[in-house]
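# Coordinates in review
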Amino acid sequence: MNILITGGAGFIGSHVVRHLVTKYPNYNIFNLDVLTYAGNLENLKDIQSADNYTFLKVDITDEQSINRLFIKHKFTGVIHLAAESHVDRSIKEPLAFAKTNILGTIVLLNAFKSLWQNNWEGKRFYHVSTDEVYGSLGKTGLFTETTSYDPNSPYSASKASSDHFVRAYGETYGMPYVISNCSNNYGPNHFPEKLIPLFINNIINNKALPVYGDGLFTRDWLYVKDHAVAIDLAFHKGENGETYNIGGFNEWTNIDLVKILCTLMDDKLGRKEGTSLKLITYVKDRPGHDLRYAIDASKINKKLGWRPSVTFEEGLKKTIDWYLENKEWLNNITSGDYQEYYNNQYN
Ligand code: NAD
Ligand code: TYD
């Protein structure tokens, strides 16, 4: 089996690549990633010389190169994660999101279709998407697989569009596909522009913790390694043409989450309890900020037997330990362009 994973040098992709390379020594795993600011081969140092692993530095919007690679390696399965993934960046640069997330997905779909349209048997295009395509919940209710799409940010609009294209290729060309829509992930190797790693980094450096608006926005958090296991399961055992919602059964308002993070970090850093809480600073809200995301993951639980394996407290402790043990990773990432991004976003 030649399996193509796109975006494998990023946060979730690197956990998916490691999981599959380790678990399936008889598969050839190809990690295709152009290495944007969010892609980092340091994430995969431990498996980079595995016999069943190959890295390809390619842009998914580069049609010629993508077509050439599909013809050369005859990928029977694609697990597509490559994307621009940060909502705040999408507000500033929507076109970049349309290009990678929509056009890039269509380039991959076309390459896959050209190769296999006369022989779909045993092939699968697995599209990794987000719960943000469903828009915002009020105080109650959960997103199910049949919730209507109602995206509010350029990021979620571009992901919604890519989901529609995948589904359309299934309907129009008979392409076998599975889509999963997952809630907010956290864990090792998370780029420090997203809430949890940004705040861990700022606590380490005694910097302000910029909480948007009133901090009462709610997210459903899932440990990234549990997402990788869910993707493995749905890729192998999911039904063609189906969508699976993946979530943590774990809702937190931002402010409550930040308070727990502060307490855990004070403990790990040997600081007096309450020290980091003083860093909390309420700042101007994000435009179009979705109030609440929460996933009903009962379908993947019932059909494929998946559920998260770690509690939030365990996952957060593992995550904090990883950042404290990998200061070099964090320092490498937060030097250079990151400073410019940070100043533009927060000052
Ligand atoms: P990330 O930003 O950490 O990684 C994205 C990766 O894609 C990077 O390695 C980057 O170099 C690569 N990439 C970007 N543009 C590319 C291009 N044009 N060609 C080739 N590679 C390119 O993102 P992530 O958080 O790991 O998210 C991965 C996927 O999972 C995305 O599709 C995202 O929408 C989805 N998702 C993320 C979350 C989350 O909480 N992070 C939740 C649900 C779904
Ligand atoms: P984020 O990690 O960007 O994920 P998403 O917007 O895709 O859910 O943000 C998670 C929540 O944290 C979201 O409600 C926005 C909020 N947030 C802040 O309050 N301050 C910050 O500096 C960041 C990055 C996010």
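Just above, that's the structure.
Reference entry: report on the structure contained in this document. None of the values given here were measured: they were computed from a predicted structure.

Here we take up the sheet that holds strand S7 (residues 184-186). Ordered by their spatial adjacency, 3 strands build an open sheet running S7-S9-S11, and the pairing between neighbours is mixed. A single partner strand is all that each edge strand has here, and the edge strands are S7 and strand S11 (251-253). The sheet shows a mean angle of 50° between the axes of neighbouring strands, taken without regard to direction. In this structure, strand S9 (residues 218-223) lies alongside S11, joined through 3 bridges in antiparallel fashion. The residue of S11 that forms the bridge with Thr218 is Thr253.

Under the criterion given, the structure shown has 24 aromatic pairs. Look at Tyr126 and Phe235: their rings are 6.3 Å apart centre to centre, the planes differ by 70°, and that puts the pair in the edge-to-face class. Of the two residues, Tyr126 sits in strand S5 (residues 124-130) while Phe235 sits in helix H7 (residues 224-237), which places them 109 residues apart along the sequence. Both residues of the pair, Tyr126 and Phe235, belong to the buried class. Among the aromatic residues, ring-to-ring pairing joins Tyr37, Phe191, Tyr212, Tyr338, Tyr341, Tyr342 and Tyr346 into one connected group. A cation over an aromatic ring shows up here: Lys113 above the ring of Tyr173, its NZ or CZ 4.5 Å from the ring centre.

What follows is about the site of ligand 2. In the vicinity of ligand 2, 19 residues are found, and the nearest of them are Glu132, Arg219, Arg286, His289 and Tyr346. For ligand 2, an oxygen atom lies 2.8 Å from a polar atom in the backbone of Tyr212. Within the side chain of Arg286, a nitrogen or oxygen atom sits 2.5 Å from an oxygen atom of ligand 2. Looking at the shell around ligand 2, the elements with two or more residues in it are helix H6 (195-204) and strand S8 (209-212).

Across the 6 residues that make up strand S6 (residues 177-182), a large majority, 6, are buried. Direction of pairing for S5 relative to S6: parallel, over a ladder of 6 bridges. The residue of S6 that forms the bridge with Tyr126 is Val178. Taken together, S5, helix H5 (residues 154-173) and S6 form a β-α-β motif whose crossover is right-handed.

A separate point is the environment of Gly248. Of note, Gly248 is situated in the loop between strand S10 (242-246) and S11. Overall, the relative accessible area of 13% leaves Gly248 in the buried class. Through-space distance from the C-alpha of Gly248 to that of His227 is 9.1 Å; in sequence the pair is 21 residues apart. Other than its neighbours up to four places away in sequence, Gly248 contacts Ser183, Asp220, Trp221, Leu222 and Pro308.

The subject of this paragraph is the site of ligand 1. Around ligand 1, the structure places 28 residues, and the nearest of them are Ile12, Asp33, Ser85, Tyr155 and Lys159. The backbone of Gly10 places a nitrogen or oxygen atom 3.0 Å from an oxygen atom of ligand 1. Measuring from an oxygen atom of ligand 1, one finds a backbone N or O atom of Asn185 at 2.9 Å. In isolation ligand 1 offers 840 Å² of accessible surface; the protein chains occlude 96% of this area. Secondary structure elements with two or more residues in the shell around ligand 1: helix H1 (11-23), S5, H5 and S7. Among the elements that line the shell around ligand 1, the one with the most residues is S5, at 3 residues. Grouping the constituent residues of the shell around ligand 1 by class yields 14 nonpolar, 11 polar and 3 charged.

This part covers H6. The element H6 is largely enclosed, with a buried count of 9 among its 10 residues. Those residues of H6 not exposed but buried are Ile196, Pro197, Leu198, Phe199, Ile200, Asn201, Asn202, Ile203 and Ile204. Immediately beyond the C-terminal end of H6, within one or two residues, lies Asn206, with a positive phi of roughly 55°.

Relative to each other, helix H10 (residues 312-325) and helix H11 (residues 327-334) sit at 75°, their axes nearing to 5 Å. With respect to H11, the axis of H10 lies roughly perpendicular. Of H11, the residues touching H10 (which contributes Trp322, Tyr323, Leu324 and Glu325) are Lys327, Trp329 and Leu330. Class assignment for the residues of the contact of H10 with H11 results in 5 nonpolar, no polar and 2 charged.

Analysis parameters
- Residues numbered from 1 in each chain as written.
- Chains lettered and ligands numbered in written order.
- Predicted model: local features only at pLDDT ≥ 70, side-chain atom pairs only at ≥ 80, totals over all residues.
- Heavy atoms only, no water.
- Pairing = 2+ DSSP bridges.
- Helix = DSSP H or I, 4+ residues; strand = E, 2+ residues; numbered from the N terminus.
- Axes fitted to C-alpha atoms, helices over the stretch in contact; angles between N-to-C directions.
- Phe/Tyr/Trp six-rings, centres within 6.5 Å; stacked < 30°, edge-to-face > 60°.
- Buried < 20%, exposed > 50% of the residue type's maximum accessible area, 1.4 Å probe, protein only.
- Lys NZ or Arg CZ within 6 Å of the ring centre and 35° of its normal.
- Near = heavy atom within 4 Å.
- Polar contact = N/O pair within 3.5 Å; in protein donor to acceptor, adjacent residues only side chain to side chain.
- Right-handed = clockwise from strand over helix to strand, strands pointing away.
- Contact = heavy atoms within 4.5 Å.
- Areas by Shrake-Rupley, 256 points an atom, 1.4 Å probe, with all protein chains shown as cover.
- Nonpolar A, V, L, I, M, F, W, Y, C, P; charged D, E, K, R; others polar.
- Parallel < 35°, antiparallel > 145°, perpendicular 65-115°, else oblique.

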